[in-house]
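# Architecture and fold: a report
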Amino acid sequence: MSIEKLNPREHIIIKGAKVNNLKNIDVAIPRNKLVVITGLSGSGKSSLAFDTLFAEGQRLYVESLSAYARQFLGKMEKPDVEYIKGVAPAIAVEQKGNSKNPRATVGTTTEIYDYLKLLYARVGITYSPESGNVVRKDSITDVIDYLNSFEEEQKVIISAPIQVQEGRTLQDELKIIFQKGFSRIFLRPNEILEIEEFLSFNMTDSPQMYLLIDRASIQKDSEENQYRLADSIQTAFYEGFGACRIDVVNGKEESPLTPKGGKKDDKKEKEIITKTFSDKFEMDNILFEEPSVQFFSFNNPYGACKTCGGLGNTVTYSEKLIIPDESLSVFEGCVACWKGEKLQEWRKAFVYGTRSFDFPVHRAYQDLTDQEKHLLWHGHKPSNTQGIWDFFAYVEKEAPIKIQYRVIASRFKGKVICPDCKGTRLRKDAQYVKIGGQISKEIVKEIDGKIIKEIVKETQKCSLTDLVLMPIDELFEFFENINLSAHQYDIGKRILSEINQRLKYLHKVGLGYLTLNRLTSSLSGGEFQRIKLATALGSALVGSMYILDEPSIGLHPRDTAKLVEVLKELRDLGNTVIVVEHEEEMMRHADQIIDIGLEAGLAGGNLVFQGNWEDIENIKENKFFENEKSKNKITGKQNDSLAHFYQQGGQSFTIDFLTKKTHIKRPERVRDWRDFIYIEGAKANNLKNISTKIPLDIFTVITGVSGSGKSTLIKNILYPAVARALGQGSPQETIEYKEVSGSIKRLQRIELIDQNPINRSSRSNPLTFTGAYDSVRSIFASTELAKSRDFAGGHFSFNSQLGMCDTCKGDGYITIEMQFMADIHLNCETCKGKRFKKEVLEVLYKEKTISDVLDMTVYEALTFFADKPAIIRCMEPLDKVGLGYVRLGQSTSTLSGGEAQRLKLAEFLQNRGINERTLFIFDEPTTGLHFHDITKLVNALQLLVAKGHTVIVIEHNMDVIQCADWVIDLGKEGGKLGGHITFEGTPKQLAIQENNYTAQYLKEKFI
């Protein structure tokens, strides 16, 4: 069926798309469906989804703005397409590196923390740490309500405590009060004095006395009486500096408070009920801060911890650096700073001093009691025995004089969790504000000799710091069962709705093991992608078009199903969900699959296949040809999908892999290993004090479900420890393991190749990164026209004043800063986006300008510069790692995490800097790779091993795992239930394991 006949209310119709490498394709995307766009890396998927569809949605949105706003945006270019109909409001979730901001956390990135701050500021209740009572300030209304709780005609005395201000005597204070118009005070309930009379006594002491403000009776129906009481109470609060005393006489008789010398009738004396009110926010003689949004903000000086400034850690002397091996005793030298020819005298002095007090110098540090550890650190003052802190006090004293002491001070300092806020970043008194909820607790009981675990729910009052330290799964449960009063709920129900919505999506995308306090810089690339996805989904818009860029990145196959359910739920709300994806599980559940190809770059950009999973099954079983003979086997709609596929030649790398026609071959044999790095007692984050051997000289994969501790083990422990041993790391890094030992000396270098951007500068590109740009500039400078104009190599650089366009300064675009929107980039009108001056663009080499060369893909450049060996040497590694589709002039800051990794890998394959025996660590390098391209990546990794290096890959992809020599699987679950080593061995051995999530999916590769 022709797309012109389709209804734009049912389809998003794209006619004649020619953006980048798209070949004038027509595509009809069904609305309110889950659609997967797939194809080789560089085939044109993102060009269709983002550069065409999302760009048009953004342009249409801008056109809906006011005329004033449009005057700044009127030059936004329409995508190179004939027309697009049926476009809905678009939301894009693209791939970008995670933030390195030390103040960015999971809570702030997802905006949940902003809502939590607001919730605690609105409905949080402050409790005194001394008595546990609720802290509140009294208002005039509170006092009136208290008085009205008594019977009519009750006698009331309103007074205020007299406080002598600094610099005054009691006599001076009373004179000032008298001048204000007050005339009486009383010292005790039965003694009232005139101020003038009291001044005549000339008393030298200052007894507690009260200023008598008013004496009245309670008349609830009298508006005049109520106004009088309120006015007197307000006066008492003012004169008492926030305090007001109320005495209610329990009877209708005259008040027992009579002037001095008056008569008192004992028979008429009744009980006096006294209560003091305060309009200050205080309790138990502690003045508290009233909750506000700023009070709970660690990015605000008002709410940040005063010790760490809201960072959660501080640089100070680290216990883990001072005592790296807790299995040693003091006598054996567990205190690292007491070693050496001179410094060991401190250890000897401490051991000698223990003769006068009880301290076990031969007991391991880890077995010491808290009291014994306190003696070691603080010393024993009666015997004048000095401890560790005394040693560092001496070091600080000598540091300005002697350099060796400055070295010692820096050696044992490191980032440690802030002792005041315990890493939660907030000021200490923020913990006094709490709300109530239920938390599940695991209770272990022994009944008849059997251990029984029971989950019970306990109601707890939790502070904001308690909540940010909870795993998101527990936090989600807490808010599901939150215990608020009706008044609190009315105030906070809208906030609670937003919190629950975002927590639900974080749980559903498989991030329930994280805490809101977790730094985003410590997340893996896949975790950060899903954080962004959950943030976007949390808005839960209806009638929108969500365009997602490989949301399954970093997900173990077990967790992909959860993500699919989230996307289906989003679709069922009434949204069109378009996913650029390579994951087979995602395609199985998609309503429609669009395959772009056949190949990448210029050989891509065609619509190869459009259909559903059933169509792919029919291709696998050749049912299309059977249908030509028997029309009743397949519906006409499916027949159209298959007919288009076979009309295009019936070729697709995607279909070939999905139908098992092709697959990634395993090596014929796995490598043996002898040398290794031994990690002992790893316990960072959720690791459960594990020990393992990391083989050298082979290809090792670290796998496990999301959040099981893979990145912690390799990136947070192995990499820093080996880097320090090789002199590449900082000695200040925190140690969270017992020991890292083994054959480290066999290595000369370690390289961590993660998913962070290579260069945030828009002027860095693959051509400059590989070093080929110098050769290209030299070629253009050697042309006849360039020589006649005295052009040097600098004239062909967009970073040089000689060659760059004067208008855009070599960027190719002009940036318009928007106050409430993302910045808009418009093509430069002078150079038309080509970056160079007009006279530079007149110089041609093989009929191409320098701008044309920058627009080439790596594939095209290999052909164009086939006679230039120096350039070919730089370009070939890019093709080997699957980056042949990348354009030479594409900014490296726009590359995805996986592309950035492979570009770094290509640098090493150029033989630049890999003559040394190196340990390479890759963090999910298959990010953004099609099945077909993974073969190239695996071959490149195997090539590094063949050259004598060690390769460690953190990965979930089963095709990569099956090609490894050794596999270490962590789990079994993520978060608190993770951190265990569940398997160590070859991939084939893992595939036959029972009760292992990775094995469930890997066994398919060995069938």
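In what follows, the structure referred to is the one given above.
Report follows, based on the coordinates. (Residues numbered from 1 in each chain as written. Predicted model: local features only at pLDDT ≥ 70, side-chain atom pairs only at ≥ 80, totals over all residues. Heavy atoms only, no water.)

Attention now moves to the sheet that holds strand β27 (residues 739–742). Taken in spatial order, the 3 strands of this open sheet run β25-β24-β27, and their pairing is antiparallel. With partners counted over all chains shown, the strands left at the sheet margins are β25 (690–695) and β27, one partner each. The sheet shows a mean angle of 15 degrees between the axes of neighbouring strands, taken without regard to direction. As judged from the 4 bridges shared by strand β24 (residues 676–682) and β27, these two strands associate in the antiparallel manner. Residue pairing in the sheet places glutamate 680 in a bridge with glutamate 739 of β27. (Pairing = 2+ DSSP bridges. Helix = DSSP H or I, 4+ residues; strand = E, 2+ residues; numbered from the N terminus. Axes fitted to C-alpha atoms, helices over the stretch in contact; angles between N-to-C directions.)

Burial analysis of strand β26 (residues 699–704) places 6 of its 6 residues in the buried class, the great majority of the element. Neither face of β26 is open: one carries Phe699, Val701 and Thr703, the other Thr700, Ile702 and Gly704, and all of them are buried. With 4 bridges connecting them, β26 and strand β32 (residues 950–954) associate as parallel partners. Across the sheet, valine 701 pairs through a bridge with valine 953, a residue of β32. Here β26 runs beside strand β33 (residues 966–971); their pairing, made up of 5 bridges, is parallel. Looking at the pairing, glycine 704 lines up with leucine 970 of β33. (Buried < 20%, exposed > 50% of the residue type's maximum accessible area, 1.4 Å probe, protein only.)

For the rest of this paragraph, the subject is the environment of serine 318. In this fold, serine 318 is placed in the loop between β16 (313–317) and α9 (319–322). Since its relative accessible area comes to 2%, serine 318 is described here as buried. Ignoring any residue separated from it by four or fewer positions in sequence, one finds serine 318 in contact with Phe412, Lys413, Gly414 and Val416. (Contact = heavy atoms within 4.5 Å.)

Our next topic: the pairing of strand β31 (residues 918–923). Along β31, 6 of the 6 residues are buried, which leaves the element largely enclosed by surrounding structure. Residues of β31 alternate between two faces, with Thr918, Phe920 and Phe922 on one and Leu919, Ile921 and Asp923 on the opposite face, all of them buried. The sheet contact formed by strand β28 (residues 749–753) and β31 spans 5 bridges and is parallel. Bridge pairing in β31 links arginine 749 to threonine 918. Where β31 lies against β32, 5 bridges are found, and the strand directions are parallel. Counted as the bridge partner of phenylalanine 920 is valine 951 from β32.

Attention now goes to the packing of helix α11 (residues 370–378) against helix α12 (residues 388–398). It is the contact of α11 with α12, at a shortest axis distance of 4 Å, that shows an interaxial angle of 20 degrees. Taken together, the axes of α11 and α12 lie roughly parallel to each other. Between α11 and α12, the residues in contact are Leu376, Trp377 and His378 and Ile388, Trp389 and Asp390, respectively. The residue makeup of the contact of α11 with α12, split by class, is 4 nonpolar, 1 polar and 1 charged. (Parallel < 35°, antiparallel > 145°, perpendicular 65-115°, else oblique. Nonpolar A, V, L, I, M, F, W, Y, C, P; charged D, E, K, R; others polar.)

So, on to α12. Note on helix geometry: an α-helix contains 3.6 residues per turn, so any two residues three or four positions apart are oriented the same way. Among the residues of α12, Ile388, Asp390, Phe391, Phe392, Val395 and Glu398 are the ones counted as buried. Lining the buried residues of α12 we find β16, α9, α10 (344–353), α11 and α13 (403–411).

Bringing the state of the cysteines into the picture now. Under the criterion given, the structure shown has 0 disulfides. Here cysteine 308 stays free of any disulfide, with the sulfur of cysteine 421 as its closest cysteine sulfur at 3.7 Å. Note on cysteine 337: no disulfide assigned, nearest cysteine sulfur contributed by cysteine 334 at a separation of 9.4 Å. Look at cysteine 337 and you get buried, because its relative accessible area is 1%. (Disulfide = S-S within 2.5 Å.)

This part takes up the pattern of salt bridges. Taken as a whole and judged by the stated rule, the model has 42 salt bridges. Residue arginine 571 is joined to aspartate 572 by a salt bridge in which the shortest nitrogen-to-oxygen separation is 3.0 Å. Its relative accessible area of 15% is what places arginine 571 among the buried residues. Accessibility expressed as a relative area gives 57% for aspartate 572, which makes it exposed. Through salt bridges with shared partners, a single ionic network connects Arg674, Asp675, Asp697, Arg746 and Arg917. (Salt bridge = Lys/Arg side-chain N within 4 Å of Asp/Glu carboxyl O.)

As a further point, take the packing of aromatic side chains. Inspection of the entire model under this criterion finds 32 aromatic pairs. For the ring pair phenylalanine 780 and phenylalanine 796, a centre distance of 5.6 Å and an interplane angle of 35 degrees mean the geometry is tilted. Of this pair, phenylalanine 780 sits in helix α26 (residues 773–781) while phenylalanine 796 sits in the loop between α27 (784–788) and β29 (813–816), placing them 16 residues apart in sequence. Taking relative accessible area as the criterion, phenylalanine 796 reaches 0% and is therefore assigned buried. Grouping aromatic residues by their ring pairs yields a cluster made of Tyr317, Trp346, Trp377, Trp389, Phe391, Phe392, Tyr394, Tyr405 and Phe412. Residue placement shows lysine 972 over the ring face of tyrosine 997; its charged tip is 5.4 Å from the ring centre. (Phe/Tyr/Trp six-rings, centres within 6.5 Å; stacked < 30°, edge-to-face > 60°. Lys NZ or Arg CZ within 6 Å of the ring centre and 35° of its normal.)

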